[in-house]
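Residue-level structure breakdown
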Amino acid sequence: MNVKQAAAKRIELLCKERGMAYNELANVCGVTPSTIYSIFDDTRKNITLTTVKKISDGFEISLGDFFTHPIFEMLEQEIQ
């Protein structure tokens, strides 16, 4: 699993935990729904830290809370 996939999984888990649809998350975060859906598409570009911050704000959690999850401990090394 790479960083983008882990971030997507974390967003998915937070949405399920809070009963929030992706479109609702987009509205709360101030990003377009296509931005949220592109996170789940492996063929699309990587997610930016700014977008992760907006999403964290939408969930009313810090970046630290977003990344403090076991899913981020299982990442493979990123090779360019």
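Up top is the structure.
Some remarks on the overall build of the protein
The number of helices and strands found in the protein is five helices and zero strands. Listing each helix as α and each strand as β along the protein from the N terminus yields α-α-α-α-α. For 80 residues, the compact-globule formula gives about 12 Å, and the C-alpha radius of gyration of the protein, at 12 Å, lands near that figure. If one aligns the C-alpha atoms of the protein with their principal axes, the spans along those axes are about 35 × 25 × 20 Å. Burial analysis of the protein (80 residues in total) assigns 35% to the buried set. Within the protein, residue pairs in contact and separated by at least 24 positions form 63% of the contacts whose partners lie at least 6 positions apart. When the accessible surface of the protein is split by element, carbon and sulfur atoms take 51% of a total near 5200 Å².

Notes on the pattern of salt bridges
A full pass over the atoms with the stated rule returns three salt bridges. A salt bridge links K9 to E12; the shortest N-O distance between them is 3.7 Å. Of this pair, K9 and E12 are both found in helix α1 (residues 3-18), three residues apart, which corresponds to roughly one turn of the helix. Taking the relative accessible area as the measure of exposure, K9 reaches 31% and is therefore partly exposed. Notably, a salt bridge pairs K53 with D57, separated by 2.6 Å at the nearest N-O pair. Here K53 and its partner D57 are both found in helix α4 (residues 49-59), four residues apart, which amounts to about one turn of the helix. Where salt bridges share partners, they join K9, E12 and K16 into one cluster.

So, unusual backbone geometry
One non-glycine residue, E60, lies in the positive phi region at around 60 degrees. By the element assignment, E60 lies in the loop between α4 and α5 (63-67).

Some remarks on the nonpolar core
Residues I11, L25, I55, F59 and F66 are the most contacted members of the largest nonpolar core, which totals 21 residues. Sorting the residues of this core by element identifies α1, α2 (22-29), α3 (33-39) and α4 as the ones contributing at least two each. If you tally residues by element for this core, the top one is α1, at six residues.

Side note on α2
Listed as buried for α2 are L25, A26 and C29. When α2 is viewed along its axis, its buried side chains cluster within an angular range of 100 degrees and face the same direction. Tucked inside the fold, the buried residues of α2 contact α1, α3 and α4. In the segment just after α2, G30 is the residue with positive phi, at about 80 degrees.

Rules used in this analysis
Residues numbered from 1 in each chain as written. Predicted model: local features only at pLDDT ≥ 70, side-chain atom pairs only at ≥ 80, totals over all residues. Heavy atoms only, no water. Helix = DSSP H or I, 4+ residues; strand = E, 2+ residues; numbered from the N terminus. Rg over C-alpha atoms; globule rule 2.2 N^0.38 Å. Buried < 20%, exposed > 50% of the residue type's maximum accessible area, 1.4 Å probe, protein only. Contact = heavy atoms within 4.5 Å. Areas by Shrake-Rupley, 256 points an atom, 1.4 Å probe, with all protein chains shown as cover. Salt bridge = Lys/Arg side-chain N within 4 Å of Asp/Glu carboxyl O. Core = buried A, V, L, I, M, F, W, Y, C linked by side-chain atoms within 4.5 Å. Arc of directions from axis to C-beta.

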